[in-house]
Amino acid sequence: MSTPGSVKGASGTNNNEGGKGKMGGKKELKRTSKFTEVQEALGKDGAAIFVDKKGTQNLYIDYPYHVNYIHSYAQDSPFFLGLAEGRLRGTRCEGCKYTYATPRTYCQFCGGEAKWVDLPLVGKVHSWTTCHYGSEAFLKETPYNLVIVEFEGANSVLLSRLKGCTEQDIYVGMPLVAKFAAEPKYLITDVWFEPAPGAVKK
Amino acid sequence: MAQGSSKAGAKSRERDVFSGTPTPSSTKRTGRRVYMVAGGVTKFAKAHPDMDFRLMCKKAFDKARSEVPNLRMDDIDGTRISYFSDHFSRQLKAASMVQDFLGLNPRGSVRIEWGGATGGECFQAAWEAIASGRMDTCLAVGYETMSRVQTWKGNEFIALASDVNFDFPLGGFYTGYYALMVTRHIYEYVRKTKFANIKDEREAQRKATEYASRVMAMVSVKNHRNALHNPYAQYPKDLTLDAVLKSEMVSYPITREDICTMSDGAAATILCTEEKAKEFTDNPILVKGVGCGTDTMRLADRPFGKVLLMPHEKASDYANLEYPGVHSFRAGRAASIEAYRHAGIENPNKELSFVELHDAYASSEIQTYEDMGLCRYGEGYSFVEQGDPFLKGVDYGFPVPKAGTTPVNPSGGLIACGHPVGATGLMQAVLAYWQLQHTIGKNFGSEKLQIPNAKRGAIHSHAGTGSSVTVSILERVRP
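Residues numbered from 1 in each chain as written. Chains lettered and ligands numbered in written order. Predicted model: local features only at pLDDT ≥ 70, side-chain atom pairs only at ≥ 80, totals over all residues. Heavy atoms only, no water.

Asks: What exactly am I supposed to notice about the interface of chain A and chain B here?
Replies: Many authors give the size of an interface as the accessible area that is lost as the parts come together. Contacts between chain A and chain B engage 67 residues on the former and 57 residues on the latter. Taken together, the two surfaces of chain A and chain B that pack against each other cover about 5700 Å², and 58% of this comes from carbon and sulfur. At the boundary of chain A with chain B, the tally comes to three salt bridges. Notably, a salt bridge pairs B:K153 with A:E136, separated by 3.2 Å at the nearest N-O pair. Looking at the side of chain A that touches chain B, the elements with two or more residues in it are helix 1 (35–45), strand 3 (57–61), helix 2 (77–84), strand 7 (122–131), strand 8 (144–150) and strand 9 (158–162) of chain A. Considering only residue class, the side of chain A that touches chain B consists of 33 nonpolar, 21 polar and 13 charged. (Contact = heavy atoms within 4.5 Å. Buried area = accessible area lost by both parts, 1.4 Å probe. Salt bridge = Lys/Arg side-chain N within 4 Å of Asp/Glu carboxyl O. Helix = DSSP H or I, 4+ residues; strand = E, 2+ residues; numbered from the N terminus. Nonpolar A, V, L, I, M, F, W, Y, C, P; charged D, E, K, R; others polar.)

Asks: Hey, could you run me through empty space enclosed by the protein in this one?
Replies: Gaps between atoms show up when a probe of the same size as a water molecule is rolled over them. Under the defined criterion, the tally for this structure stands at five cavities of 30 Å³ or more. When its volume is computed, the largest cavity comes out at roughly 90 Å³. Around the largest cavity, the lining residues are A:W128, A:V172, B:T183, B:I186, B:Y187, B:Q205, B:R206, B:T209, B:Y252 and B:P253. When contributions to the lining of the largest cavity are tallied by element, the ones reaching two or more residues are helix 6 (174–191) and helix 7 (201–226) of chain B. (1 Å grid on protein atoms, 1.4 Å probe; cavity = no way out; pocket = protein on both sides within 12 Å on 5 of 7 lines; lining within 4 Å. Points joined across faces, edges and corners; volume = space filled by probe spheres on them.)

Asks: Whenever I open this one, the sheet that holds strand 2 (residues 78–82) of chain B confuses me. Can you help?
Replies: Paired through backbone hydrogen bonds, the strands of a sheet run either parallel or antiparallel to each other. Residue and element names in this part refer to chain B. Strand order in the open sheet formed by nine strands is 3-2-4-7-1-8-13-12-11, with mixed pairing between adjacent strands. Sheet topology places strand 3 (108–112) and strand 11 (354–356) at the edges, where each strand pairs with a single neighbour. Sheet twist, expressed as the average angle between the axes of neighbouring strands with direction ignored, equals 25°. Here strand 11 pairs with strand 12 (residues 456–463) via three bridges, running parallel. For V355, the partnering residue across the bridge sits in strand 12 and is A458. Contacting strand 1 (34–41), strand 2, strand 3, strand 4 (137–145), strand 7 (264–273), strand 8 (285–294), strand 12 and strand 13 (468–476), helix 4 (residues 118–131) crosses the sheet at an angle of about 165° to strand 2. (Pairing = 2+ DSSP bridges. Axes fitted to C-alpha atoms, helices over the stretch in contact; angles between N-to-C directions.)

Asks: Looking at this model, I keep getting lost on the pattern of salt bridges. Mind explaining?
Replies: Pairing is possible between side chains that carry opposite charge, provided their charged atoms lie close to one another. Tallying each qualifying case throughout the model produces 40 salt bridges over all chains. With a shortest N-O distance of 3.2 Å, B:R298 and B:D163 are connected by a salt bridge. Of this pair, B:R298 sits in the loop between strand 8 and strand 9 (304–305) while B:D163 sits in the loop between helix 5 (151–159) and helix 6, and the two are 135 residues apart along the sequence. Pair check on accessibility: B:R298 and B:D163 agree, each one buried. Through salt bridges that share partners, A:R104, B:D163, B:R298 and B:D301 make up one connected network. (Buried < 20%, exposed > 50% of the residue type's maximum accessible area, 1.4 Å probe, protein only.)

Asks: Looking at this structure, how should I read the domain arrangement of chain A?
Replies: What the domain assignment reports for chain A is domain 1 (29–61) and domain 2 (74–195). Using only C-alpha atoms to locate each centre, domain 1 of chain A and domain 2 of chain A end up separated by 45 Å. (Domains from an automatic or database assignment.)

Asks: So what exactly am I meant to see when it comes to the environment of A:L139 here?
Replies: Mapped onto the elements, A:L139 comes out in the loop between strand 7 and strand 8. Note on A:L139: relative accessible area 28%, which makes it partly exposed. The spacing of A:L139 and A:Q168 is 29 residues in sequence and 21 Å in space, taken between C-alpha atoms. Look past the residues within four positions of A:L139 in its chain and what remains in contact with it is A:Y133, A:G134 and B:W152.

Asks: Got a minute to help me understand the state of the cysteines in this structure?
Replies: Note on terminology: disulfide describes a covalent bond linking the sulfur atoms of two cysteines. Residues and elements named next belong to chain B. What the rule picks out here adds up to zero disulfides over all chains. In this structure C138 is a free cysteine whose sulfur lies 7.7 Å from that of C122, the closest cysteine sulfur available. When its relative accessible area of 0% is taken as the criterion, C138 is described as buried. (Disulfide = S-S within 2.5 Å.)

Asks: What's the story with helix 12 (residues 362–371) of chain B in this structure? I'm lost.
Replies: It helps to recall that an α-helix has 3.6 residues per turn; residues three or four apart then point in one direction. Residue and element names in this part refer to chain B. Taken across its 10 residues, helix 12 has 10 buried, putting it largely inside the fold. When we look at burial in helix 12, the residues that qualify are A362, S363, S364, E365, I366, Q367, T368, Y369, E370 and D371. G373 sits one or two positions beyond helix 12 and adopts a positive phi of about 75°.

Asks: Would you mind showing me how to read the sheet that holds strand 5 (residues 98–100) of chain A here?
Replies: All names here are of chain A. One open sheet accounts for three strands, arranged 5-4-6; its pairing is antiparallel. Pairing within the sheet leaves two strands with one partner each, and these edge strands are strand 5 and strand 6 (115–118). Between one strand axis and the next, the sheet turns through 35° on average, direction left out of account.

Asks: Mind showing me how you'd approach the packing of aromatic side chains here?
Replies: Aromatic rings in a pair are described by how distant their centres are and how their planes are angled relative to each other. Following the criterion strictly, the structure yields 31 aromatic pairs over all chains and no others. Judged by centre distance (5.2 Å) and plane angle (45°), the ring pair of A:F80 and B:F166 falls under tilted. Of the two residues, A:F80 sits in helix 2 while B:F166 sits in the loop between helix 5 and helix 6, which places them in two different chains. B:F166 shares its class with A:F80; the two are buried. Here B:Y232 and B:W434 contribute two aromatic rings whose centre-to-centre distance is 5.7 Å and whose plane-to-plane angle is 35°, an arrangement assigned as tilted. Of the two residues, B:Y232 is situated in the loop between helix 7 and helix 8 (241–246) and B:W434 in helix 15 (residues 421–437); the sequence distance between them amounts to 202 residues. Classification of B:Y232 as buried rests on a relative accessible area of 18%. What links up through ring pairs into an aromatic cluster is the set B:Y174, B:Y177, B:Y178, B:F329 and B:Y361. Here A:K163 stacks its cationic end above the ring of A:W192, 4.1 Å away from the centre of that ring. Looking at B:R256, its charged tip hangs above the ring of A:Y133, at a distance of 5.0 Å from the centre. (Phe/Tyr/Trp six-rings, centres within 6.5 Å; stacked < 30°, edge-to-face > 60°. Lys NZ or Arg CZ within 6 Å of the ring centre and 35° of its normal.)

Quick look at the structure:
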């Protein structure tokens, strides 16, 4: 976790870095009435001034925040360990005779404990989309396809990525096969789906 | 039989687990009657560089107070304060700082957070404080400051409100989730009906989606053009159908103009008892019904069961429908049923003068018409084409024969007003309040959006992929 106050060139300790050492080593802050220019200036200088319509100065600073969580999959762990072995594991409540394709360790209807079961490695498109934008973490991966997969014998479905085809190829009902990462990252992305052989029209 | 239609079909489902019985918390309400007596909003904007969250809340609060000069600070017994994300605020316990800045210490207060429905929950929390007898007058105020991060980082923060084990790492992006839902909605209600005679599955689905996209564009045009007459709106636009259809594809089939934006803004409402309301105003608005519903956090966990029915519907209407699946919002249905029962509403399309609903996406507005019972499941698209949710007297550039039946989002909704999450549900309450007071002209500087003789309105606040929804019914008291 970082703290603010890391305004570059404004601390007086790095006067020569910018090569334009002004009086007292302080760098002139960018002044602008454009919000996008404030954002750009923060990336470079760590601070900027937005001048609003009334001429009032509003001081902005870059304020980083980063955390590495010690994240436990806890009761969901068997699913993610299964992916590393090329297994797709759901759960089943014997009392309700209900099979979860996205595992729930306790049944959402009766509250009873559900048992781990293996799902088939083939399924069908229940719904889908192609994302041309994404949140920051995934922007570089666009365009990517999201798919909701239905399985024979399962009552609920699974959200996944759909690879090996484009927006033009995909339709609800398309047959799919599961694929697994050779080197697991222990993320849900260790499994994805591709069209079954022959499912994509040439 | 179309491919892909048999999810959890007769063979794979060994037992129909979900019985379809709604479980509203109560059908009898014994609490005190609650009135809204004042409301205020800041303009919703991309950024308010001159106001932090505290000052925005103060401005909204002061605007509300200006409506009720007889209400002194001493009359306020306590507060409910809402904001969605600590990530956006970069300040934990920010609600305490709002309470502090407004000068309301040492009164009782609590922060409300419930995803996208944060504002709607805050409104109902204030309702509960009055109805229960705990307070006589309660302030509900909420805000969001989404300009504090870049847009795509903001999308990431919002996507963290999806399961971080199973959903987020796949490309956590709410527009993507809503695109998945509407793709199935189109499959269920357009492909299987209007395009049932086309044999090629891919072609039939593409044609169904083209049709549905045009209807979504009609909703976007409606909301953007309504907002031309709302000075508080962030993105009023003189849009055309063509412009929406040609705007950038974000997640197929949802385009840029079908989506609400990130905003900074605050909203405040003051609720009180009947006795207090008489002291403060001669034009109070009764909060006649409240409802709240929930559903699974993950889309993938939603059951394929039976529809929760409203009094004007029959089970046979939906004999072949697996519900809610990923195409409908059971939480919105449950919230509506509870609120309508509380308010004594049997047929919402006939008994509501207007609805302000949570149109984060043009697609979810259409889905929500059905959840709220404004039309039957499957009729959302024709409801738009017939013109029911449009206003009379606003030019949309295409015919809207039944305009004025039940105007939806006369303010412009989230799509055009903006969506500063913690303020949004309260903003809806304020705009509904002005509609019912018949003071839109005074507050907007134009009568264009005033619904003539508005008597009863519904506000609808929605979270996640439909994991929680509130519906509140507001009613005019004066003849």
